[in-house]
Amino acid sequence: MTAVAAALGSSPGPVSDPDVLVVGLGYVGLPLAAEAVRSGLAVTGYDISQQLVDGLMAGHSHISDVPSSEVTLMVGSGFRATTDEAAIGSPRVIVICVPTPLQPDYGPDLAAVRAASAMAARLLRSGVLVVLESTTYPGTTEDVVRPLLEAGSGLRAGQDFFLAFSPERIDPCNRDFGIRNTPKVVGGLTPACTDAAAVFYGKLCDQVVRAASAREAEMAKLLENTYRHVNIALVNEMAVFCHELGVDLWDAIRCAATKPFGFQAFYPGPGIGGHCIPIDPNYLSYKVRTLGYPFRFVELAQEINGRMPSYVVDRMAELLNRHAKPLNGARILLLGVTYKKDSPDMRESPAAAVVRKLRTRGALVSFHDPLAPQWSVDGIEVAREDDLQAGLSGADLVTLLQAHSAFDLPEIERLASVLFDTRGASSSGERL
Ligand SMILES: NC(=O)c1ccc[n+]([C@@H]2O[C@H](COP(=O)([O-])OP(=O)(O)OC[C@H]3O[C@@H](n4cnc5c(N)ncnc54)[C@H](O)[C@@H]3O)[C@@H](O)[C@H]2O)c1
């Protein structure tokens, strides 16, 4: 603890030596770098994308939560982004925020974590803190990152340098909670490693929560996302049978949510999206399978949530049928196609699966989304309806997939001849 505390508390070293090196400047790394700069630390960012680095140094942000004006201020305060390892200097803290995409066997692809760890090893010196923030299965920090750091540096984790895991809890587009006021979980290889990580994040976050070790910190992240995944699947499954039973599930959830304890509301929808919920629980299920048995909750949730786009298309066909129209040849307007309300992020959006199903059933699909200037599914562009009023009036069926705040729902309800509402946001549309 003392080394990192002293290093971060002391006056800055040579200009070329940053307090903090953030490796990977994406959705996780750039906001972290921004908060570290705001906290008065000297920050360098390393990324393998030259285009991204050039953009940042020119004051352009590629992440909606960090405006370009803030990147300009960061650069003005001394923040440097680089693709050149030799230009980094000797950081006191190295935070790894590189991607961990899903492999065909549903484990995380750790190639970027390995590459970043090997680079961190070359920059390591005594007293440095290394933190992994990339989401992965429990044991990665100790079993994958540690050996690479030790072999590449000749130093020992927990003895010569500090090593910890700290899960990222970024909620894109959340205006109320950011890095500063979201409690930060840290878990080190040893208690001293946890202390070192707590000292560092204590500068960036109002509250630091210490896990028993890196493994518990890794598991905390997967527990949070698995909890959401399973509970969304629960209401999605209920939505299917409530429709047949003639029960308004949205109203039932509204009533249940008035209970001041023991219940948290989750809502059905056209499927799950984004980088975390559809992907992270797989890492845990992958790890559990190495024990010889499945993680049944996750696999069931995957199956139920994965079926929702198909179910949504079936309901669209049923609704058209009620109006004596076939889905084949019907003009369908999809409203809101990003994975999250008010976010421009298209990653893993279930809207893509909806389009695939609609195409195979012969529907003529167009979309309107103020946050998506263009959209392709499987390399084929989906027609963008720029004129919302004309699109609403001309469609046989309008389906609300994402209820962005910018949508004027009463106007949409007035103009759409048939409205299917998968978000329970309208007052007169047919709800999922
Ligand atoms: N996006 C989120 O909301 C979120 C939330 C919590 C956790 N996470 C996790 O954080 C990690 C990073 O996710 P992200 O969304 O920031 O990814 P991202 O794709 O937005 O950014 C990752 C960046 O890392 C760079 N990169 C790849 N390999 C590199 C390497 N070897 N060295 C340096 N840079 C490298 C890429 O060029 C990219 O700019 C993932 O493990 C993810 O699961 C993401």
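Details of the structure are given in the entry above.
In this text the structure is predicted, and so the values were computed from the model without any measurement.

Novice: Hey, could you run me through helix α10 (residues 280-289) in this one?
Specialist: Within an α-helix, residues lying three or four positions from one another point in the same direction, as the helix has 3.6 residues per turn. For α10, a buried count of 7 out of 10 residues is recorded, marking the element as mostly surrounded by other parts of the structure. Within α10 the residues assigned to the buried category are D280, P281, N282, Y283, L284, S285 and V288. Looking at the buried side of α10, the elements it contacts are α8 (214-245) and α11 (296-322).

Novice: Where do I start with the site of the ligand in this structure?
Specialist: For the ligand, the set of nearby residues contains 25 residues, the closest of which are V28, D47, T100, T135 and H275. Here an oxygen atom of the ligand and a side-chain polar atom of D47 are 2.6 Å apart. The contact in question runs from an oxygen atom of the ligand to an N or O atom on the side chain of H275, over 3.2 Å. Isolated, the ligand exposes 830 Å² of accessible area, and the fraction of that covered by the protein chains is 88%.

Novice: Looking at this structure, how should I read the nonpolar core?
Specialist: Formed by 73 residues in total, the largest nonpolar core has its most connected members in V43, I94, V95, V130, L149, F200 and Y201. Here I94 is in contact with L21, V23, A120, L123, V128, L129, V130 and V131, once residues within four sequence places are set aside. Formed by 31 residues, the second largest nonpolar core is a distinct cluster that contains W250, V313, V337 and F367.

Novice: Hey, could you run me through the packing of aromatic side chains in this one?
Specialist: Geometry of an aromatic ring pair is reported as the spacing of the ring centres plus the angle between the planes. Evaluated as defined, the whole model comprises 5 aromatic pairs. Summarising the aromatic geometry, the rings of F367 and W375 are spaced 5.3 Å apart at their centres and angled 75 degrees between planes, so their arrangement reads as edge-to-face. Taken individually, F367 and W375 each receive the classification buried, so the pair is uniform in this respect. Here the guanidinium or amino end of K184 rests over the ring plane of Y201, the centre of that ring lying 4.9 Å away. One residue, R347, lies across the ring of Y27, its end atom 3.8 Å from the ring centre.

Novice: In this structure, what is going on with the sheet that holds strand β9 (residues 331-335)? I would like to understand it.
Specialist: Through backbone hydrogen bonds, the strands of a sheet pair up, either in parallel or in antiparallel fashion. The 6 strands are arranged β13-β10-β9-β14-β15-β16 in an open sheet whose pairing can be described as parallel. Edge positions in the sheet fall to β13 (383-384) and β16 (430-431), since each of these pairs with one other strand and no more. Note that β9 and strand β14 (residues 397-400) share 4 bridges and pair parallel. The residue bridging I332 from the neighbouring strand is L397, located in β14.

Novice: Just checking my understanding: could you explain the pattern of salt bridges for this structure?
Specialist: Between side chains of opposite charge, a pair can form when the charged atoms approach closely. Taken as a whole and assessed by the stated rule, the structure comprises 28 salt bridges. Measuring nitrogen to oxygen at the nearest pair gives 3.2 Å for the salt bridge that ties E430 to R315. Of this pair, E430 sits in strand β16 while R315 is found in helix α11, placing the two residues 115 residues apart along the sequence. Using a relative accessible area of 2% as the deciding quantity, one classes R315 as buried. One salt bridge in this structure joins D378 and R356, with 2.8 Å as the shortest N-O distance. Of this pair, D378 sits in the loop between β11 (376-377) and β12 (380-381) while R356 sits in helix α12 (residues 351-360), placing them 22 residues apart in sequence. Residue classification places D378 among the exposed residues on the basis of a relative accessible area of 52%.

Basis of the calculations
- Residues numbered from 1 in each chain as written.
- Predicted model: local features only at pLDDT ≥ 70, side-chain atom pairs only at ≥ 80, totals over all residues.
- Heavy atoms only, no water.
- Buried < 20%, exposed > 50% of the residue type's maximum accessible area, 1.4 Å probe, protein only.
- Helix = DSSP H or I, 4+ residues; strand = E, 2+ residues; numbered from the N terminus.
- Contact = heavy atoms within 4.5 Å.
- Near = heavy atom within 4 Å.
- Polar contact = N/O pair within 3.5 Å; in protein donor to acceptor, adjacent residues only side chain to side chain.
- Areas by Shrake-Rupley, 256 points an atom, 1.4 Å probe, with all protein chains shown as cover.
- Core = buried A, V, L, I, M, F, W, Y, C linked by side-chain atoms within 4.5 Å.
- Phe/Tyr/Trp six-rings, centres within 6.5 Å; stacked < 30°, edge-to-face > 60°.
- Lys NZ or Arg CZ within 6 Å of the ring centre and 35° of its normal.
- Pairing = 2+ DSSP bridges.
- Salt bridge = Lys/Arg side-chain N within 4 Å of Asp/Glu carboxyl O.

By themselves, these are just geometric observations and shouldn't be taken as functional.
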